[in-house]
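Coordinate inspection notes
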Amino acid sequence: MNRKTDEVQTFLTRTFNGIELEPALFYAWEPGIRFEISDPHQSYNEPGHLDRAFKRSTALFDAVFDEEDDILFVTDVNVPRDNLFLHKKPLNVYRKYIKQSQALHNLHLKNMQLPEFDEGDITTYRFSYTCRKGDIRFPKLLQAICYEDFEHPSRILKNQQSGSDIYFINLSKKLIYHLYDDRGCDIIAADKEDIRFLYERYNDWILDYDREKIDAVFK
């Protein structure tokens, strides 16, 4: 596993003025769009309550990533500093979702401290994997992210003492896709014109709470 190259930070510094890769990206950078993914009026107990989330998150992913785009698949795994067992588990995030298992040796690893955990009792492992869209089982992965807050076997990290954030960085188009959970998805870009088509094509999906701010950027 490669620990030398920090391609993520290099990209953020050059393209996004060095912003932190952490939730919520929409409020950290402009231009960006925050999309509502699940139906807020549908109860979690209703059958198929996440069907809309699966469809919207996949549609947005397909819209911003083409087959030939260079992608950084980034996972931040946050574990208690004193739980040594969990420190061995983050690699499992990739085993199910990278199609070629032999590619795991190309993962980059960085042990870091994120500002949101500056109290010092959490260790964050940042994994990054350079790939193309076809290298990832992304529909299953997006579905797993949506399930993360539910008691469901598709969850990525089943241990309640750990948590994760997954980001997809499009190096070719200079944008970042972050499905933060079943509720929503942030997409930010270096140039607003690169995501204007999202604003126009999926305008009905924009989160109403932030619509005024988003309209001011794109209108």
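Residues numbered from 1 in each chain as written. Predicted model: local features only at pLDDT ≥ 70, side-chain atom pairs only at ≥ 80, totals over all residues. Heavy atoms only, no water.

Right, let's get into the confidence of the model for the protein chain. Mean pLDDT for the protein chain: 84, with 79% of residues reaching 70 or above. Here helix 4 (residues 92-95) stands out as the least confident element of the protein chain, with mean pLDDT 73; helix 6 (residues 196-201) is the most confident, with 98. (pLDDT = per-residue confidence, 0-100. Helix = DSSP H or I, 4+ residues; strand = E, 2+ residues; numbered from the N terminus.)

Relative to the assigned elements, Val77 resides in strand 2 (residues 71-80). You can call Val77 buried: its relative accessible area is 1%. Taking C-alpha positions, Val77 is 9.9 Å from Ile122, a pair spaced 45 residues apart along the chain. (Buried < 20%, exposed > 50% of the residue type's maximum accessible area, 1.4 Å probe, protein only.)

Turning our eyes to something else, we now look at the pairing of strand 5 (residues 163-170). Along strand 5, seven of the eight residues are buried, which leaves the element largely enclosed by surrounding structure. Bridge analysis of strand 2 against strand 5 gives eight bridges, and the strand direction is antiparallel. Looking across to strand 5, one finds that Val74 is bridged to Tyr167. Summarising the sheet, strand 5 and strand 6 (residues 175-179) pair through three bridges and their orientation is antiparallel. Residue pairing for strand 6: Phe168 is matched across the bridge by Tyr177. The turn linking strand 5 back onto strand 6 is made up of four residues, and Lys174 within it adopts a positive phi angle of 60°. (Pairing = 2+ DSSP bridges.)

At a minimum axis distance of 9 Å, the contact between helix 3 (residues 51-64) and helix 5 (residues 138-146) shows a crossing angle of 130°. Put simply, helix 3 runs oblique to helix 5. The handedness of the crossing between helix 3 and helix 5 comes out as right-handed. Touching Ala53, Phe54, Ser57, Thr58, Phe61 and Asp62 of helix 3 are Phe138, Leu142, Gln143 and Cys146, all from helix 5. (Axes fitted to C-alpha atoms, helices over the stretch in contact; angles between N-to-C directions. Parallel < 35°, antiparallel > 145°, perpendicular 65-115°, else oblique. Left-handed = near helix turned anticlockwise from the far one by under 90°. Contact = heavy atoms within 4.5 Å.)

Most often, soluble globular proteins have nonpolar side chains that are buried together. Membership of the largest hydrophobic core comes to 52 residues, with the highest contact counts inside it found for Phe35, Leu60, Phe73, Phe168, Tyr177 and Leu198. In contact with Phe35, other than residues within four places in its own chain, are Leu60, Arg183, Gly184, Cys185, Ile187, Leu198, Tyr202, Trp205, Ile206 and Leu207. (Core = buried A, V, L, I, M, F, W, Y, C linked by side-chain atoms within 4.5 Å.)

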